[in-house]
Amino acid sequence: MDPQSVLYDQHLYVDGTWQATEEHIDVPDRADGGTFARIAAADGDNARTALSAADRAKRPMRETTVPERATWCEEIADGLRERHDELARVIVREAGKPIASARGEVESAAERFDRAAEEIRHLKGEFREGTTDGHEGWRAIVRHEPVGTVLCITPYNYPLGTTALQVAPALAAGNSVVLTPSSKTPISAAILAEVICDVDLPTGAFNFLPGHGSEIGDILAGDKRINTVAMTGSSPAGEHVASVSGMVTLHMELGGNAPAIVFPDADLNSAATACAKGSLKYAGQRCSAVSRVLAHETVHDELVERIDTKMDTWVDGDLFDEETDFGPLITEAQAKWVDELVTDAVDRGAQLVRGGERDGRYYEPTLLADVPHDARIIHEEQFGPVAAVTTITDEEDALALANESDLGLDACVFTNDYDRALSVADRIEAGAVRINGAPSHGLGDIPFGGIKESGIGREGIDASIHSMLREKSVIL
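Residues numbered from 1 in each chain as written. Predicted model: local features only at pLDDT ≥ 70, side-chain atom pairs only at ≥ 80, totals over all residues. Heavy atoms only, no water.

(A) Spatial organisation of a negative patch on the surface. A cluster of acidic side chains, namely E68, E75, D78, E82 and D200, defines a negative patch on the protein surface. Here E68 shows up in helix 2 (residues 66-82). (Patch = residues over 30% accessible without salt bridge, like charges linked within 9 Å, V, L, I, M, F, W, Y side chains within 5 Å. Areas by Shrake-Rupley, 256 points an atom, 1.4 Å probe, with all protein chains shown as cover. Salt bridge = Lys/Arg side-chain N within 4 Å of Asp/Glu carboxyl O. Lys, Arg positive; Asp, Glu negative; His and termini not counted. Charge placed at Lys NZ, Arg CZ, Asp CG, Glu CD. Helix = DSSP H or I, 4+ residues; strand = E, 2+ residues; numbered from the N terminus.)

(B) Local environment of the environment of C73. With respect to the helices and strands, C73 occurs in helix 2. Overall, the relative accessible area of 1% leaves C73 in the buried class. Separated by 44 residues in the primary sequence, C73 and A117 place their C-alpha atoms 5.6 Å from one another. Apart from residues no more than four positions distant in its own chain, C73 is found in contact with F113, A116, A117, A168 and A172. (Buried < 20%, exposed > 50% of the residue type's maximum accessible area, 1.4 Å probe, protein only. Contact = heavy atoms within 4.5 Å.)

(C) Seen up close, the pairing of strand 19 (residues 386-392). Taking burial as the measure, the seven residues of strand 19 include six buried ones, the bulk of the element. Sheet topology note: the strand 18 (residues 366-369)/strand 19 ladder contains three bridges and is parallel. The residue bridging L367 from the neighbouring strand is A387, located in strand 19. (Pairing = 2+ DSSP bridges.)

(D) View of the sheet that holds strand 22 (residues 432-435). If you trace the seven strands from one edge of the open sheet to the other, you get 15-18-19-14-13-21-22, paired in mixed fashion. Pairing within the sheet leaves two strands with one partner each, and these edge strands are strand 15 (351-354) and strand 22. Strand-to-strand twist in this sheet, taken as the mean axis angle between neighbours without regard to direction, amounts to 20°. The pairing of strand 13 (residues 258-262) with strand 21 (residues 410-414) spans three bridges and is parallel. Counted as the bridge partner of V262 is F414 from strand 21. (Axes fitted to C-alpha atoms, helices over the stretch in contact; angles between N-to-C directions.)

(E) Spatial organisation of the packing of aromatic side chains. Tallying each qualifying case throughout the model produces five aromatic pairs. Between Y8 and F36, the aromatic rings sit 6.2 Å apart at their centres with planes inclined by 80°, giving edge-to-face as the arrangement. Here F36 lies in strand 5 (residues 35-40) and Y8 lies in strand 1 (residues 8-10), a separation of 28 residues in the sequence. Residue Y8 is classed as buried on the basis of its relative accessible area of 15%. Given a relative accessible area of 3%, F36 falls into the buried group. (Phe/Tyr/Trp six-rings, centres within 6.5 Å; stacked < 30°, edge-to-face > 60°.)

(F) Looking closely at the sheet that holds strand 5. What the three strands build is an open sheet, ordered 1-5-4; its pairing is mixed. Single-partner strands in this sheet number two, and they are strand 1 and strand 4 (24-28). Here the strands of the sheet are splayed against their neighbours by 20° on average, with no regard to which way each runs. Where strand 1 lies against strand 5, three bridges are found, and the strand directions are parallel.

(G) Just the pattern of salt bridges, in detail. Tallied over the entire structure, the rule returns 35 salt bridges. With its nearest N and O atoms 2.9 Å apart, the salt bridge here joins R348 to D344. You can call D344 buried: its relative accessible area is 14%.

(H) Layout of the state of the cysteines. Counted under the stated rule, the structure contains zero disulfides. Not engaged in a disulfide, the cysteine C197 finds its nearest cysteine sulfur in C73; these two sulfurs lie 16 Å apart. Sulfur of C287: no disulfide; nearest cysteine sulfur belongs to C412 and is 14 Å away. For C287, a relative accessible area of 13% puts it in the buried group. (Disulfide = S-S within 2.5 Å.)

(I) Just the nonpolar core, in detail. In this structure, I76, L80, F113, F206 and F208 are the most contacted members of the largest nonpolar core, which totals 69 residues. The element best represented in this core is helix 4 (residues 99-121), accounting for nine residues. For F113, the residues in contact, after removing those within four places along its chain, are C73, I76, A77, L80, A164, V167, A168 and L192. Within the second largest apolar cluster, 55 residues are counted, among which are A375, A398, F414 and I428. (Core = buried A, V, L, I, M, F, W, Y, C linked by side-chain atoms within 4.5 Å.)

Printed below as a string of structure tokens:
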């Protein structure tokens, strides 16, 4: 392909230099069709070079001060804002995300670097005194130090926002970084790399390594020079990375199958709004998406009618139109997967209220009612624009169905009964439960993450910084 025929022709950034490769990845234009960019595809040698560079940078990074690192993060935030419009257009093209959502993602990425600067400035150690017999005179300083090198593996659905959520805490904590973005959406991360390389980091402290996971994934994750793996992705991919990594800290946010439990005393209009948004935002391609709606049998029909009405307000069309809030799925294979789950539910007796049609990568906003409990869509992650409504008879029935899944990232409960809300939230097997609202991770000021096959550890600016530090006790 002629590089002049694409808008972007990006390289690797390894050991302080931009490097070309023989192999490239073509990035489809998911807004207008065709190919809008290409990017270098790293091979095993590139990966090993990046690991060596990051390893050499550990000591100079460790010797940097908190004010230095906070300033870096603020400069990176400013750099992202200077390229705000460009980055938003790139996210529309590479991720197929509506422009309004893309603009919000750019700003959230910048804010995450600002938050990292703020949080690292508030980092405090401890002073402890011995309190056991024989240690009465002991004094100790407990201080934080960087873990070393953080491998950041980022997803396609929030190619800039999630990348910032990993890279900002890693740099703020004083670690060297190897960043490998999703091969589906690597261009916004490449622009972030351009912004970072303009900051006065030690040579080798930041390395940008796009490529295919099958080619470089195991080399990176399995290398002993990696000290922490920060990953957002699917549960199977996370399990594989965990299996090849060694004695490292795993910081993983993986798949989700969030239930929305709606009780008879809930504000049904509010619940319907949240369920529609939770199912349709970015066409459902979010780990925190509302994947299944567990409605009490006495309100099931009315709730379905209200969700149907709310879905009417979602606008599809030109992704660069500010009014558009719904677009295609990332690949045709993903659309086929969603169609497979919907077909299974209908074959088992679910009522197709609206949608259910696929055109290439586009899958219609879909609403299913009376979905049987044994339908696959109730138990498997869909990552598509489907609200699957099933019935429950009481609180115990709701909890049994909600907790059957192997995934446990998010959940939400709709009720006006304070005691019930807290009781159900306490018993749901999920990392986070929202009361009377759809799951949302926000900027990361509140820690989030999953249990079971949904991940290890908690993300969030402060939570991530602490997971990328280790404590050392200096005994006086």
